[in-house]
2 protein chains.
Amino acid sequence: MTGPEIETLIQLLAKLPGLGPRSARRAALDLLKKRETLLKPLAEALDLAAERIVTCTTCGNLDTIDPCSICAGAKRDVSQICVVEEVADLWAIERSAAFRGRYHVLGGVLSALDGVGPEDLSIARLVERASASEVKEIILAMNATVEGQTTAHYVTDRLAGTQVQVTRLAHGVPVGGELDYLDDGTLTAALRARRSV
Amino acid sequence: MTGPEIETLIQLLAKLPGLGPRSARRAALDLLKKRETLLKPLAEALDLAAERIVTCTTCGNLDTIDPCSICAGAKRDVSQICVVEEVADLWAIERSAAFRGRYHVLGGVLSALDGVGPEDLSIARLVERASASEVKEIILAMNATVEGQTTAHYVTDRLAGTQVQVTRLAHGVPVGGELDYLDDGTLTAALRARRSV
């Protein structure tokens, strides 16, 4: 019906998380309708990102410099390393502005189903970083999923030989959360971890 | 936190229909994670589309040639022109393979709210095409919305001076549709347009 150029564009857009085949078609048409304001700037932004953005060889964060601005930041606390699954989790914690230490991005979680083993994640590098004398605490901030917690257990075992203190995020009732809508696991965790007021 | 390159990419992705700020962030990270398989091919596909895809000056369809492959198609029936709002609607009718004539893309609908008047749509060009001796029928295939039907009425008036027959799509029960879930307007239209079996 139309040339292969549009089909290729639609198929690539459909690979983006959040876009299916139908919305990818709408997105492609929208791009072609807004050539100057959307299509060309997006093509340029992609080129620029491909050229400039690098993965930090220390922590796995994405930035235009290596080591990244967090690893190189003079105001960051070097005694704490927060371990996350993905860069998106690092960004989420940065948005909260509740942590001033440094990070370590594992690049995923252990998953027998998807064939992801310890060698596929940045665990050896974490153990190496944890062995540095200035590092006092490793905070495990994996997702509260089965895979995330399995990975956290494994990382804890691997860190047993080092001198660092290993901690994990608290489980409990989310701020603003209603008890009636919470799952039993979260309620149980929140009850067990109750604190005196 | 990160350079402006990622922020620009996220903001442009968030402008695509179907992607909000949150999913645009996920899409940007996914693109950076799959540089060779997704980011670079997408950048190339966008460049290629910007360079090759043109709007057909006859009907408004998108193609790599002008007139487009439908307008230039030797097997298409030149006596029928199907008028649609957008290229996406043209594609939808082409997928059904139920129409072998040619198309006319208006490029939108009349909307006082959005400030879209008759001169913003490809209506003058349609009247011009309808005046050609080989054209016998204009099929109005606008969406069954208030704006779509207002536009259909307006186009019908504008075509009054020509010799063509103006028809519109039938309203009725969608194939596979259950009566209990249909709105009253559709049921009324289906009842009024009932046919003997």
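1. Observations regarding the sheet that holds strand β6 (residues 165-168) of chain B
All names here are of chain B.
And step 1. Strand order in the open sheet formed by 4 strands is β4-β3-β5-β6, with parallel pairing between adjacent strands. Of all the strands in the sheet, just β4 (102-105) and β6 have a single pairing partner and so form its edges. Direction aside, the axes of adjacent strands within the sheet are offset by 25° on average.
And step 2. Two strands pair when backbone bridges link them, and strand β5 (residues 137-140) and β6 are joined in this way by 4 bridges, in the parallel orientation. For Leu 140, the partnering residue across the bridge sits in β6 and is Arg 168.
And step 3. Across the sheet, helix α5 (residues 123-130) touches β3 (80-84), β4 and β5, and the angle it forms with β4 is around 155°.

2. Some thoughts on the packing of helix α1 (residues 4-13) of chain B against helix α2 (residues 21-33) of chain B
Residues and elements named next belong to chain B.
And step 1. Where α1 meets α2, the axes come as close as 8 Å, and the angle between the chain directions of the two elements is 125°. Classified by the angle between their axes, α1 and α2 sit oblique to one another. Relative to α2, the crossing made by α1 is right-handed. Taking contact as the criterion, the partners of Ile 6, Leu 9, Ile 10 and Leu 13 in α1 are, on α2, Pro 21, Ala 24, Arg 25, Ala 27, Ala 28, Leu 31 and Leu 32.

3. Let's talk about the domain arrangement of chain A
One widely used convention gives an interface's size as the accessible area the parts lose upon coming together.
And step 1. In terms of domains, chain A is made up of domain 1 (4-52) and domain 2 (76-168).
And step 2. Averaged C-alpha coordinates put domain 1 of chain A and domain 2 of chain A at centres separated by 34 Å.

4. What about the relation of the copies chain B and chain A?
And step 1. After a rotation of 180° and a shift along the axis of 0.0 Å, chain B superposes on chain A with an RMSD of 0.1 Å. Such a combination of turn and shift is consistent with a two-fold rotation axis. In terms of C-alpha distance to the rotation axis, chain B has B:Ala43 as its closest residue, with the C-alpha 2.5 Å off the axis.
And step 2. Counting the interface residues of chain B, we find that 100% of their copies in chain A are interface residues as well, pointing to one common contact surface.

5. Brief notes about the interface of chain B and chain A
And step 1. With 52 residues of chain B at the contact, the number on the chain A side is 52 residues.
And step 2. A combined buried area of about 4800 Å² lies between chain B and chain A, and 72% of that area is made up of carbon and sulfur atoms.
And step 3. Across the chain B-chain A interface, the total number found is 4 salt bridges.
And step 4. A salt bridge links B:Glu86 to A:Lys33; its shortest N-O distance comes to 2.9 Å.
And step 5. Our count for the contact surface shared by chain B and chain A stands at 8 residue pairs in polar contact (both at pLDDT 80 or more).
And step 6. If one sorts the elements of the side of chain B that touches chain A by residue count, helix α3 (residues 35-52) of chain B sits on top with 15 residues.
And step 7. Residues that form the side of chain B that touches chain A fall into these classes: 29 nonpolar, 9 polar and 14 charged.

6. What to know about the nonpolar core
And step 1. In this structure, A:Leu13, A:Leu46, B:Leu13 and B:Leu46 are the most contacted members of the largest nonpolar core, which totals 78 residues.
And step 2. Setting aside residues no more than four positions away along its own chain, B:Leu13 makes contact with A:Leu16, A:Leu42, B:Leu19, B:Ala24, B:Ala27, B:Ala28 and B:Leu31.

Reading the values: the criteria
- Residues numbered from 1 in each chain as written.
- Chains lettered and ligands numbered in written order.
- Predicted model: local features only at pLDDT ≥ 70, side-chain atom pairs only at ≥ 80, totals over all residues.
- Heavy atoms only, no water.
- Pairing = 2+ DSSP bridges.
- Helix = DSSP H or I, 4+ residues; strand = E, 2+ residues; numbered from the N terminus.
- Axes fitted to C-alpha atoms, helices over the stretch in contact; angles between N-to-C directions.
- Contact = heavy atoms within 4.5 Å.
- Parallel < 35°, antiparallel > 145°, perpendicular 65-115°, else oblique.
- Left-handed = near helix turned anticlockwise from the far one by under 90°.
- Domains from an automatic or database assignment.
- Least-squares fit on C-alpha atoms with pLDDT ≥ 70 in both.
- Buried area = accessible area lost by both parts, 1.4 Å probe.
- Salt bridge = Lys/Arg side-chain N within 4 Å of Asp/Glu carboxyl O.
- Polar contact = N/O pair within 3.5 Å; in protein donor to acceptor, adjacent residues only side chain to side chain.
- Nonpolar A, V, L, I, M, F, W, Y, C, P; charged D, E, K, R; others polar.
- Core = buried A, V, L, I, M, F, W, Y, C linked by side-chain atoms within 4.5 Å.
- Buried < 20%, exposed > 50% of the residue type's maximum accessible area, 1.4 Å probe, protein only.

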